[in-house]
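Survey of secondary and tertiary structure
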Amino acid sequence: MGWFAEKFEKFKRQSMRVMITTITAKFLFGVGLGALLGNYLQPYGWWIIILSLLMHIPSIYTVLIKKR
């Protein structure tokens, strides 16, 4: 088992509250960064925000919804 797999397993063993807090923090960081870049890169701002939201869907599905 590699270093990344070890850390991922440790994350999966955390309580649901910790997982939700971590994912929410990363989501808010992505949205905040998207807003800052959106202001700076005016024509591309909305695309960056949309890309940020789309990139979070698989991890949210895997961690919160997928039953295993």
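All values reported here derive from a predicted model rather than from experimental measurement.

Here we take up the overall build of the protein. Per the secondary structure count, the protein includes three helices and zero strands. Along the protein, helices and strands appear, N-terminal first, in the series α-α-α. When burial is assessed residue by residue, the protein has 13% of its 68 residues classed as buried. Split by element, the accessible area of the protein, about 6000 Å² in all, is 70% carbon and sulfur.

Residues lying three or four places apart along an α-helix face the same way, a consequence of the helix completing one turn every 3.6 residues. With 25 residues, helix 2 (residues 16-40) should cover 36 Å at 1.5 Å per step; its first-to-last C-alpha distance of 36 Å lies within 8% of that length. Those residues of helix 2 lying buried are Met19, Ile23, Gly30, Gly34 and Gly38.

Our next topic: the confidence of the model for the protein. Mean pLDDT for the protein: 76, with 87% of residues reaching 70 or above. The secondary structure element of the protein with the lowest average pLDDT is helix 3 (residues 45-65), at 73, and the one with the highest is helix 2, at 79.

A word on the environment of leucine 37. Among the structural elements, leucine 37 can be located in helix 2. For the pair leucine 37 and isoleucine 49, spaced twelve residues apart in sequence, the C-alpha to C-alpha distance is 8.7 Å.

We now examine a nonpolar patch on the surface. A cluster of nonpolar side chains, Phe29, Leu33, Leu37, Tyr40, Leu41 and Tyr44, forms an exposed patch at the surface whose accessible area comes to about 660 Å². Here leucine 41 lies in the loop between helix 2 and helix 3. For leucine 41, a relative accessible area of 31% gives the class partly exposed.

What counts and how
Residues numbered from 1 in each chain as written. Predicted model: local features only at pLDDT ≥ 70, side-chain atom pairs only at ≥ 80, totals over all residues. Heavy atoms only, no water. Helix = DSSP H or I, 4+ residues; strand = E, 2+ residues; numbered from the N terminus. Buried < 20%, exposed > 50% of the residue type's maximum accessible area, 1.4 Å probe, protein only. Areas by Shrake-Rupley, 256 points an atom, 1.4 Å probe, with all protein chains shown as cover. Expected span 1.5 Å × (residues − 1). pLDDT = per-residue confidence, 0-100. Patch = residues over 30% accessible without salt bridge, like charges linked within 9 Å, V, L, I, M, F, W, Y side chains within 5 Å. Salt bridge = Lys/Arg side-chain N within 4 Å of Asp/Glu carboxyl O.

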